[in-house]
Each structure stands twice: as structure tokens, then as C-alpha cells.
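Close look at the chain arrangement
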Amino acid sequence: PESSVDLAELPLDDAATFDIFRKGNTTAVFQFESRGMRDLMKQAPPTRFEDIVALVALYRPGPMELIPDYVARKSGRERVEYLDPRLAPILEPTYGVMVYQEQVMQIAQVLSGYSLGEADLLRRAMGKKIRKEMQDQRKHFVAGCTEHGVERHQADAIFDLLERFAEYGFNKSHAAAYALVAYQTAYMKANFPVEFL
């Protein structure tokens, strides 16, 4: 009897699919075929869809620098700590590591009172690294933070972190779209191997 699969309706917690990722058995799985990515999955086995999204964003030139921190925190070898408790809900999905551009924007909104538009300008300024623009953004960010109960030295430290991570930040919606195709591919490989091949 013929059956059909609706990719839009796949459960995002399929054990057999996650087994494929955890074992690095991802030959022919979109975005997860390379030797380096397979090694990374063994170091930081994905246990939820959000982990797959993060791996897609991290495994590219630049963000790869953040992989050791991500692996150490995900595995529990390193404690996840936040410079301000308000950062926890923003950074918890990526174990305290800034991975996405959207996290930089959320932090600016939550800690410094940036509007969405201002946060986007901050993200762009960090991407361009124009010295004068960055100095202006630092003043604006630190002033907003101090108005929102963050001590000045702490605000400066958080801005330094944002600046460091922003140059590597990947757009989360892109990473999620890639991760979904990767998950769908792995799901087919795990559950319908004949049809998959």
C-alpha cells in the first residue's frame, strides 16, 4: 500500500531522526554531510530542534571560533553564566553563547531600551565596524543600560561582548530554514531509507 509523507507535518522530536544526528550518520543530509560537521555533532549531540539550528549557524567561517564554548557549555563541562539575569531567556537556547543576530538585537532592546529599528541599526553598525558609528552606538547603549539598572562597567562589558559576537552572528531565520530542511532530510533517511536512497 502506498503512503505519503507531508514534510510540513513531521514531528520535530523524532527519536530515530535525532539518532542519525547524534551518531553523525548524516551522509546525504543537507548541511550536515561534512566530516567537520559530523565530528561536531559527536561533540555536541543535538537533543532538540533548536540545537540543530544552532549547529547550522555555528559551523561556518567566523562562528567556528565559538564552537569550543558552545560544546563545553552544552556538555556541562563549563557553567553557563550571564552578565545580567535578563540575558538568560535570550541566550539559554544557545547555552549562553551569542549565535544569532537576533540575540544581539534582543539584548539591546531588553538591557538598553532600544526600539526594534534602533536594534537593527546597531546590528548593521556592528557588521560594518565603522569606528565613529560604533563609538556613537556604545554611548547610546551604555546610557540606555544605566537607565535600565545596569552598572556602567557592566554595560561596557556587555557591549564588548555584543561587538565581538556581532561580527559572527548569523541570521536565525536563515539557520532555522536550513535546519528544517536538514531535519526533514534526516527524518526521511531514518524512517524511509529505501525511498530516501
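See the structure shown above.
This one's a predicted model, so the numbers in the text were calculated from it and none came from an experiment. (Residues numbered from 1 in each chain as written. Predicted model: local features only at pLDDT ≥ 70, side-chain atom pairs only at ≥ 80, totals over all residues. Heavy atoms only, no water.)

Here we take up the nonpolar core. Judged by nonpolar contacts, the single largest core of 60 residues is most densely connected at F32, I107 and F141. In terms of residues, this core owes the most to one element, helix α3 (residues 49–58), which gives 8 residues. Excluding residues within four positions of it along the chain, F141 makes contact with A108, S112, Y114, A155, I158, F159 and L162. (Core = buried A, V, L, I, M, F, W, Y, C linked by side-chain atoms within 4.5 Å. Buried < 20%, exposed > 50% of the residue type's maximum accessible area, 1.4 Å probe, protein only. Helix = DSSP H or I, 4+ residues; strand = E, 2+ residues; numbered from the N terminus. Contact = heavy atoms within 4.5 Å.)

Looking at where R73 falls in the secondary structure, it is placed in helix α4 (residues 67–74). Within the structure, the side chain of R73 is placed 2.9 Å from the side chain of E78, a separation counted as a polar contact. Apart from residues lying up to four places away in sequence, R73 is in contact with E78, R79, V80, Y95, G96 and V97. (Polar contact = N/O pair within 3.5 Å; in protein donor to acceptor, adjacent residues only side chain to side chain.)

What follows concerns the pattern of salt bridges. In the structure shown here, the tally under the stated rule is 15 salt bridges. Between R138 and D160 there is a salt bridge; the shortest N-O distance is 2.5 Å. Highlighted residues: R138 in helix α8 (residues 131–147) and D160 in helix α9 (residues 152–166), separated in sequence by 22 residues. What makes R138 partly exposed here is its relative accessible area of 24%. Assessed through its relative accessible area of 40%, D160 is described here as partly exposed. Among the ionic pairs, R138 bridges to E163, the shortest N-O distance being 3.3 Å. Here E163 lies in helix α9 and R138 lies in helix α8, a separation of 25 residues in the sequence. Each member of the salt-bridge network shares a partner with another, and the members are R48, D51, K74 and E92. (Salt bridge = Lys/Arg side-chain N within 4 Å of Asp/Glu carboxyl O.)

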